[in-house]
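Coordinate inspection notes
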Amino acid sequence: MKEATLVLVKPDGLKKSLTGNVLTRLSETKLEIVAAKIVRVDDKLAREHYRGLSKEPFFEELIQYIKGELHERKKVMAMAYYGGGAIRKVREIAGGTNPEKADSISIRGQYGRITTKGIYENVIHASTDQRDAEREIKLWFQPDEIIVDLYPTKATAAEGTRQAWA
Ligand code: IDP
Ligand code: MG
């Protein structure tokens, strides 16, 4: 079954010019990129994206990290990848959460690091399961920014957008 997954190149990945490397590695999956953009992450988006981790001791640092406050460019690249087994395939190439423990040929194993302050700079985000993927893609993208119909939408009168997530 075809499914979609959210991929973020995090601020450390952009600062280190790793976008090309990440895209090349992900092209091994033969999945299709169906949405892509560069985003300046505000506090609301950061907290909503990582809301499941709000009780973790590293939460505030994580919010700072994803907003780009630890890297000079405050930006993230957001993409949706689409195809059979997309979530698992991308997670596999991304590697484990802890970049020091991640498979050494995974993206996180190759390019990630733990800072002296203990922040896991692990280059990319990848959705964990279908529920997370849907929640995250709807958070980062509007329906008309994605070239396939992933989830139900409704018409909207809001200025500038024709469709909203149902
Ligand atoms: P995931 O990104 O592999 O799905 P999550 O547990 O969802 O891992 O955590 C989200 C992000 O929070 C991680 O990618 C990493 O940047 C950060 N993080 C997770 N666990 C730790 C930790 O123990 N210390 C510091 N940062 C962490
Ligand atoms: Mg996660």
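Residues numbered from 1 in each chain as written. Chains lettered and ligands numbered in written order. Predicted model: local features only at pLDDT ≥ 70, side-chain atom pairs only at ≥ 80, totals over all residues. Heavy atoms only, no water.

**Observations concerning the site of ligand 1**
The immediate surroundings of ligand 1 are formed by Lys10, Tyr50, Leu53, Phe58, Leu62, Tyr65, Arg91, Thr97, Arg108, Gly118, Tyr120 and Asn122. The side chain of lysine 10 places a nitrogen or oxygen atom 2.9 Å from an oxygen atom of ligand 1. Tyrosine 120 is positioned with one of its backbone polar atoms (N or O) 3.2 Å from an oxygen atom of ligand 1. Bound to the protein, ligand 1 loses 79% of the 530 Å² it would expose on its own. Its residues assigned to classes, the shell around ligand 1 comprises six nonpolar, three polar and three charged. (Near = heavy atom within 4 Å. Polar contact = N/O pair within 3.5 Å; in protein donor to acceptor, adjacent residues only side chain to side chain. Areas by Shrake-Rupley, 256 points an atom, 1.4 Å probe, with all protein chains shown as cover. Nonpolar A, V, L, I, M, F, W, Y, C, P; charged D, E, K, R; others polar.)

**Here's the deal with helix α5 (residues 86-94)**
Every buried residue of α5 is listed here: Ala86, Ile87, Val90, Ile93 and Ala94. Looking straight down α5, one finds its buried side chains confined to an arc of 140 degrees; they lie on one side. Summarising the geometry of α5, the exposed residues directed more than 90 degrees from the buried face are Arg88 and Glu92. Residues of α5 that are buried make contact with β1 (2-9), α2 (19-27), β3 (76-84), α6 (107-111), β6 (124-126) and α7 (130-140). Looking one or two residues past α5, glycine 95 carries a phi angle of roughly 90 degrees, positive in sign. (Buried < 20%, exposed > 50% of the residue type's maximum accessible area, 1.4 Å probe, protein only. Helix = DSSP H or I, 4+ residues; strand = E, 2+ residues; numbered from the N terminus. Arc of directions from axis to C-beta. Contact = heavy atoms within 4.5 Å.)

**Overview of the pairing of β1**
Judged by how many residues are buried, β1 sits mostly within the fold: seven of eight residues are covered. Of the pairings in the sheet, the one linking β1 to β3 comprises eight bridges and is antiparallel in character. Within the sheet, the bridge partner assigned to alanine 4 lies in β3 and is tyrosine 82. Bridge count for β1 against β6 is three bridges, and the pairing is antiparallel. Paired with valine 9 across the two strands is isoleucine 124, which belongs to β6. (Pairing = 2+ DSSP bridges.)

**Digging into the nonpolar core**
By size, the foremost hydrophobic cluster in this structure holds 26 residues, and its most contacted members are Leu8, Val41, Ile137, Trp140, Phe141 and Ile146. Of all the elements, helix α4 (residues 59-66) adds the most residues to this core, at five residues. Excluding residues that lie within four positions of it along the chain, leucine 8 makes contacts with His49, Ile66, Val76, Met77, Ala78, Val123, Ile124, His125 and Trp140. Counting 18 residues, the second largest nonpolar core, distinct from the first, contains Val22, Met77, Val90 and Val123. (Core = buried A, V, L, I, M, F, W, Y, C linked by side-chain atoms within 4.5 Å.)

**Examining the pairing of β3**
On any regular strand, side chains alternate: one points to one face of the sheet, the next to the other face. With respect to burial, β3 is a largely interior element, eight of its nine residues being buried. Relative to β3, strand β2 (residues 32-39) is paired through seven bridges, and the arrangement is antiparallel. When the bridges of β3 are listed, alanine 35 appears paired with alanine 80.

**What to know about the pattern of salt bridges**
Inspection of every chain in the model, using the stated rule, returns 13 salt bridges. Taking the shortest distance from any N to any O, the salt bridge between glutamate 48 and arginine 135 comes out at 3.8 Å. One end of the pair, glutamate 48, is in helix α3 (residues 43-49); the other, arginine 135, is in helix α7, and 87 residues separate them in sequence. Residue arginine 135 is classed as partly exposed on the basis of its relative accessible area, which comes to 22%. A salt bridge links glutamate 69 to lysine 67; the nearest nitrogen and oxygen atoms lie 3.4 Å apart. Judged by its relative accessible area of 38%, glutamate 69 is partly exposed. Via salt bridges that share partners, Asp43, Arg47, Glu60, Lys67 and Glu69 belong to a single interconnected network. (Salt bridge = Lys/Arg side-chain N within 4 Å of Asp/Glu carboxyl O.)

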